[in-house]
Amino acid sequence: MSRDGAFGVVTALPAYTAAVAELPVSAALAEDMRGAVVVVPGVGDWWQGMLAARAAGASAVVLADPAMLQQDALASQAWPRDIPVIIERPRLRPDAAADAVRARRGSPARLVTVECAAPVAGLDGAILDGFGWARCLAGTPLALSAGMSTPQGRMALLDSEGAGSAPATVLGTPVGGPHEGGLLHVLALGEVRTEVTVDQPAGLTRVETFTGEGALRAPERYESSARLALRRALDACLSGNEEADLDELLQDMALAWALRHA
């Protein structure tokens, strides 16, 4: 921690520099990784970047918008789990996912469908987060039952591991256009219907729930995904609680690898 009691944050990403400025009581920019929260960009071999931050004495790691790794990148060394890892997934914000699950009031989904669209270079990332949304709304880990991958798109049929839980489908379509990011449309069907729209280029995340009593739209979240991730990392440093972000990311990535080779 810095001398004034705030945690040092090591980052070169503008979004996180801005997030630190918005959290002046609890965070301050730093250059030394020892004892700091280190933000690792989710490009290239980010796994080695995370391990390097831990080796340098980081108190926590924030992984910013991770891209797909090669399947053998994780084989050399497992994460030691002695410091928390918070994953920033702008298309799969934990607050939005919590809003969607909470509004169902325990009503199980009978079927979950996810449609993903993104430029070719970003399609893997959109599908990765599509698997994450399917997992969240199914309420259980998922396994690939059948899949198809072609230049025109990808399709996955998923079975849930829990007895009586919902099956899910994930469709990915490459699109043209100059914008980065992706578009996700998620439906969880049952006695309660959940509809989620994530338009990353437009900065839109909309969560709606439909019941026999009517429709409910979750309040818009104005906090940036970078600030949310940094705030969660600071909370994890103080609480010592173990976070599930990394396990969930690796579960979703295993499905994305399996679909890529289907």
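An account of the accompanying structure is given in this report. (Residues numbered from 1 in each chain as written. Predicted model: local features only at pLDDT ≥ 70, side-chain atom pairs only at ≥ 80, totals over all residues. Heavy atoms only, no water.)

**Details of the pattern of salt bridges**
Pairing is possible between side chains that carry opposite charge, provided their charged atoms lie close to one another.
Move 1: Using the criterion set out here, one finds 21 salt bridges in the structure.
Move 2: Close ionic contact of Glu223 with Arg227 constitutes a salt bridge, the shortest N to O distance being 2.7 Å.
Move 3: According to the relative accessible area criterion, Arg227 is partly exposed, its value standing at 22%.
Move 4: Across the pair Glu243 and Arg232 runs a salt bridge whose closest N-O atoms are separated by 3.5 Å. With a gap of eleven residues between them, Glu243 in the loop between helix H5 (225-239) and helix H6 (245-260) and Arg232 in helix H5 connect regions that are remote in the sequence.
Move 5: Glu243 gets classed as partly exposed once you look at its relative accessible area, which sits at 26%.
Move 6: Given the relative accessible area of 17%, Arg232 is considered buried.
Move 7: Put simply, Arg89, Arg91, Asp129, Arg135, Glu248 and Asp252 are held in one network by salt bridges that share partners. (Salt bridge = Lys/Arg side-chain N within 4 Å of Asp/Glu carboxyl O. Buried < 20%, exposed > 50% of the residue type's maximum accessible area, 1.4 Å probe, protein only. Helix = DSSP H or I, 4+ residues; strand = E, 2+ residues; numbered from the N terminus.)

**A closer look at the sheet that holds strand S3 (residues 37-41)**
Within a beta sheet, neighbouring strands are joined by backbone hydrogen bonds and run either parallel or antiparallel to one another.
Move 1: Reading across the sheet, the five strands line up as S2-S1-S3-S4-S5 and stay open at both edges, with parallel pairing between neighbours. If you trace the sheet from one side to the other, it starts and ends with strand S2 (27-29) and strand S5 (85-88), each paired once. Pairs of neighbouring strands in the sheet enclose a mean axial angle of 25°, with direction left out of account.
Move 2: Sheet analysis places strand S1 (residues 7-10) next to S3, joined by two bridges and oriented parallel. Paired with Val10 across the bridge in S3 is Val38.
Move 3: Those strands touched by helix H1 (residues 14-21) are S1, S2, S3, strand S4 (60-64) and S5, and its axis lies near 130° from that of S2.
Move 4: H5 contacts S1, S2, S3, S4 and S5 of the sheet and is inclined by roughly 170° relative to S5. (Pairing = 2+ DSSP bridges. Axes fitted to C-alpha atoms, helices over the stretch in contact; angles between N-to-C directions. Contact = heavy atoms within 4.5 Å.)

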